[in-house]
Amino acid sequence: MDARTPTAEIELAIGGMTCASCAARVEKKLNKIDGVTATVNYATEKAKVSYAGGVTPEDLVATVERTGYTARLPEPPAPEDDATPAGGMDGVLHLRHRLLVSAGLTVPVVLLAMVPALQFTYWQWLSLTLAAPVVVWGGWPFHRAAWTNLRHGAATMDTLVSLGTLAAFLWSLYALFLGTAGEPGMVHPFSLDLTRTDGSGDVYLEAAAGVTTFLLAGRFAEARSKRRAGVALRALLEMGAKDVTVLRGGTEQRIPVGRLSVGDLFVVRPGEKIATDGEVTEGASAVDTSLLTGEPVPVEVGPGDTVVGATVNAGGRLVVRATRIGAETQLAQMARLVEEAQHGKAEVQRLADRVSGVFVPVVLALAVATLGFWIGAGAGLAAAFPAAVAVLIIACPCALGLATPTALMVGTGRGAQLGILIRGPEVLESTRAVDTVVLDKTGTVTTGRMTLLDVVPAPGEDADRVLRLAGAVEHASEHPIAQAIARGAAERTGQLPPVEGFTSIAGLGVHGVVEGAAVVAGRRRLMAEWSVRLPPELERAVADAEASGRTTVVVGWDGAARGVVVVADAVKDGSAEAVRRLRALGLRPVLLTGDNAAAARSVAAQVGIDEVIAEVLPQDKVDVVRRLQAEGHTVAMVGDGVNDAAALAQADLGLAMGTGTDVAIQASDLTLVRGDLRVAADAVRLSRRTLAVIKGNLFWAFAYNVAAIPLAMAGLLNPMIAGGAMALSSVFVVTNSLRLRRFAPLAEHGATTAAPSGRPLVSAGSAR
């Protein structure tokens, strides 16, 4: 496409896709149009299309429909926009209903066929009554997809499933109505001899119903996973405030945020979310931006400062003038980043779908060749047709229907026991090639909240008394730094004394009377205003702490500086051990944060990370991941905040801390429930092990089929051997999957060897 040609972009909702190869077919057809560049995402069922040169959206829709699928142009958002497609939930419920009914009918069919003791007179007719709705109604999604593929000259696993189940069912009808299988007292005897039969007494109802039900279970699990694709966007948009107190005509009115206009003045009280992006016109406060930026230190704001919607006012009353609303806010822009990252992430095609491109046509050709050979050899249609049908039946992927679902069920179940939630098979494939792991700092490597780290007393002062008086005066403040000091003081010194005459000075500190002393705690500027001079020892302690990216609060009383309290976002217990484990898996750790470079380097040094990318804006985290991917790396991202959501979605493998926000969790591929970074290494190990089991299952599922096809072509497969081969294949797949229950996490010896950096530490030494 000529770069100078003006282009337009559109997103189409694609319907009718049943596998990754369907998405590839639609994408290929769209890209054949001159001036069109398209990417089709099977998981979200959307096509992102750039077009020019006279192409219209209607042309794109027509092309998709000619390919055998449906396409819809984007609809304007409803007032209460839901990120889940309107029909998404209904589709999953209908599929679940189809699965439950089919499973209930299939179980007795399989038992009757496999347990001779249950084969009463006319049992075969009961099997037919139960199996017919499963094969026809339960298998309808496969038959419909196979018909669509046939009309367009394509073949997928749906084609093989449909042909195999219908062939087994139709031959059973022939044997029951025109052969000898319908006679009273017919049984399935256990016979292992290789003898050619005319098939008139053989029924394959259990194979037809069983395969249909197994594959419906896999289709249901897949549909339920796909329905969650839009949850991250909905959770992100729901984070904003719902109502706002607006100033109009000198009075306060409570209105929905959607009625707010640019230029409106609105009030934000302590503890409330800021309704939209704006500029402070009145008041001063500390704003907790950690939800969006990941920065643990609250931002002090006053008249003229900008604030961002969905952040929390942690201090005083603010009056804000709205500057951006709706789709223009930073929150909405982050939602778009998440959507773009999810849409652009290449979906790994399932191994079965890739093999089906060769396997299905070959099986069909072999079935036709078998029919032709036996007719040509003079065996007659009665012997030729059963042999051809046997080829389709033995090739019908019964074990293949179990290969991925059983390994996933056992692997994800074991993961849940260990606090690891895995989304789906495409996640497992991503872990195989990951070579770089990007770690968000705040809330992932660190605790995500301010913690008391050190107290440096002035010469001749007692550290405990400095901390007790500082904690007492800070206890009355709502500021997060003040609360961290008060918490640490209470843990160290016990009950805090009461404070009298408490006063908070916005952005500077607090003062009050404690135990008869006029205590002041805050920034050096506040000390200067009170004519309190810092001795060299405290000046040096402040400089050392701030050089390491930590926050200092100077404490003084009776006209003299008595000490310095140091707070920071502390490193979690086990983070250093987690980094060592990730390195042992061959992953290169990178620390990524919006925090300042000094704080980031200090944390990196404590946990053993060499590469640090600091002072990154939330929207730029995605660019960092993309840059690493452009350099040829397969990237895993570990994060916990809203600001990490787009990067988690963009990464080849996204891991969210379960202690983080819902948005981050929904945008990720793996969730670490406990919020312990050490579990990330176990998550990668479990994912790789589960993928290995799935690949082993797929190999043996095909191997059994391929090995038995020559016997079927020779007409040497009687019903019991065919059923036995299928059963053995399925039993092997299930048994192989159950080995995942023995997966054990790495011993958490790091919990005892790692430095207890997550706990408050009070010493009489210099600031660390």
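Use the structure listed above.
Described below are features of the structure shown in this document.

Reading the values: rules and limits
- Residues numbered from 1 in each chain as written.
- Predicted model: local features only at pLDDT ≥ 70, side-chain atom pairs only at ≥ 80, totals over all residues.
- Heavy atoms only, no water.
- Pairing = 2+ DSSP bridges.
- Helix = DSSP H or I, 4+ residues; strand = E, 2+ residues; numbered from the N terminus.
- Axes fitted to C-alpha atoms, helices over the stretch in contact; angles between N-to-C directions.
- Contact = heavy atoms within 4.5 Å.
- Patch = residues over 30% accessible without salt bridge, like charges linked within 9 Å, V, L, I, M, F, W, Y side chains within 5 Å.
- Areas by Shrake-Rupley, 256 points an atom, 1.4 Å probe, with all protein chains shown as cover.
- Salt bridge = Lys/Arg side-chain N within 4 Å of Asp/Glu carboxyl O.
- Lys, Arg positive; Asp, Glu negative; His and termini not counted.
- Charge placed at Lys NZ, Arg CZ, Asp CG, Glu CD.
- Buried < 20%, exposed > 50% of the residue type's maximum accessible area, 1.4 Å probe, protein only.
- Parallel < 35°, antiparallel > 145°, perpendicular 65-115°, else oblique.
- Nonpolar A, V, L, I, M, F, W, Y, C, P; charged D, E, K, R; others polar.
- Right-handed = clockwise from strand over helix to strand, strands pointing away.
- Phe/Tyr/Trp six-rings, centres within 6.5 Å; stacked < 30°, edge-to-face > 60°.

1. Observations regarding the sheet that holds strand β24 (residues 635-639)
Within the open sheet, the 7 strands sit side by side as β14-β26-β25-β24-β15-β22-β23. Their pairing is mixed. The sheet is open, and its two edges are formed by β14 (420-422) and β23 (611-613), each paired on a single side. Pairwise comparison of adjacent strand axes, ignoring direction, gives a mean angle of 20 degrees for this sheet. Across 3 bridges, the pairing between β14 and strand β26 (residues 670-672) is antiparallel. Directly across from Ile420, in β26, lies its bridge partner Leu672. Sitting on the sheet, helix α25 (residues 678-713) touches β14, β25 (653-657) and β26, and the angle it makes with β14 is about 40 degrees.

2. Side note on a positive patch on the surface
The grouping of Lys28, Lys29, Lys32 and Arg66 at the surface amounts to a positive patch. Within the secondary structure layout, Lys32 lies in the loop between α1 (20-31) and β2 (36-41). Take Lys32: its relative accessible area is 58%, and that puts it in the exposed class.

3. With respect to the packing of helix α4 (residues 123-138) against helix α5 (residues 140-151)
At a closest axis distance of 5 Å, the pairing of α4 and α5 adopts a crossing angle of 45 degrees. The orientation of α4 relative to α5 falls into the category oblique. Residues Val135, Val136, Trp137 and Gly138 of α4 form the contact with α5, whose participating residues are Trp140, Pro141 and His143. Its residues assigned to classes, the contact of α4 with α5 shows 5 nonpolar, 2 polar and no charged.

4. As for the pairing of strand β22 (residues 588-592)
Across the 5 residues of β22, 4 count as buried, placing the element largely inside the fold. Two strands pair when backbone bridges link them, and strand β15 (residues 436-440) and β22 are joined in this way by 5 bridges, in the parallel orientation. For Val437, the partnering residue across the bridge sits in β22 and is Pro589. Between β22 and its parallel partner β23, the chain crosses via helix α21 (residues 597-607), and the hand of that crossover is right-handed.

5. A look at helix α20 (residues 575-584)
Within α20, 7 of the 10 residues are buried, which leaves it mostly tucked inside the rest of the structure. Regarding α20, the residues found buried are Ser575, Ala576, Glu577, Ala578, Val579, Arg581 and Leu582.

6. What to know about the packing of α20 against α25
Closest axis-to-axis distance for the α20/α25 pair is 7 Å, and the angle between their directions is 25 degrees. The angle between α20 and α25 falls in the class roughly parallel. Of α25, the residues touching α20 (which contributes Glu577, Ala578, Arg581 and Leu582) are Arg678, Ala680, Ala681 and Asp682. A class-by-class count of the residues in the contact of α20 with α25 yields 4 nonpolar, no polar and 4 charged.

7. Quick look at the packing of aromatic side chains
Remark: the centre distance and the inter-plane angle together describe each pair of aromatic rings, the angle taken between the planes. Here the structure, examined in full by the defined rule, presents 3 aromatic pairs. Ring geometry for Trp125 against Phe177: centres 5.2 Å apart, planes inclined by 75 degrees, an arrangement best described as edge-to-face. With Trp125 in helix α4 and Phe177 in helix α6 (residues 157-177), this pair connects stretches of sequence that are 52 residues apart. Given the relative accessible area of 25%, Trp125 is considered partly exposed. Ring geometry for Phe373 versus Trp374: centroids 5.3 Å apart, planes at 80 degrees, classification edge-to-face.

8. As for the sheet that holds β2
Read from one edge to the other, the open sheet built from 4 strands follows the order β2-β3-β1-β4, with strand pairing classed as antiparallel. Sheet topology places β2 and β4 (70-72) at the edges, where each strand pairs with a single neighbour. The average undirected angle you get between the axes of adjacent strands in this sheet is 30 degrees. Summarising the sheet, strand β1 (residues 8-15) and β4 pair through 3 bridges and their orientation is antiparallel. Following the sheet pairing, Ala13 is matched in β4 by Arg72.

9. Description of α21
All buried positions along α21 are accounted for by Ala598, Ala599, Ala600, Ser602, Val603, Ala604 and Val607. The first or second residue beyond α21 is Gly608, which carries a positive phi of 90 degrees.

10. Overview of the pairing of strand β5 (residues 243-248)
Sheet topology places β5 next to strand β6 (residues 251-256); 6 bridges connect them, and they run antiparallel. Within the sheet, the bridge partner assigned to Arg248 lies in β6 and is Thr251. Hairpin connection, β5 to β6: the antiparallel pair is bridged by 2 residues, and Gly249 has positive phi, about 65 degrees. Across 3 bridges, β5 lies against strand β7 (residues 265-268) in antiparallel orientation.

11. Digging into a nonpolar patch on the surface
On the surface, Val107, Leu111, Met114, Val115 and Leu118 cluster together to form a nonpolar patch covering roughly 380 Å² of accessible area. Given a relative accessible area of 35%, Met114 falls into the partly exposed group.

12. Quick look at the pattern of salt bridges
For the structure shown, the criterion picks out 25 salt bridges. Of the charged contacts, one joins Asp277 and Arg324 as a salt bridge, the two residues approaching to 2.9 Å between their closest N and O atoms. Note that Asp277 is positioned in strand β8 (residues 277-282) and Arg324 in strand β13 (residues 318-324), a separation of 47 residues in sequence. Looking at Asp277, the relative accessible area reads 2%, which means it is buried. Judged by relative accessible area, which is 34%, Arg324 ranks as partly exposed. Arg524 is paired through a salt bridge with Glu539; the nearest N and O atoms lie 3.1 Å apart. Taken together, the positions of Arg524 in helix α18 (residues 524-529) and Glu539 in helix α19 (residues 536-547) put the pair 15 residues apart, joining distant regions of the chain. Shared partners join several salt bridges into a network, and the residues in it are Glu252, Arg269, Glu282 and Arg317.

It is worth stressing that arrangement in space is one thing and function is another; only the former is reported here.
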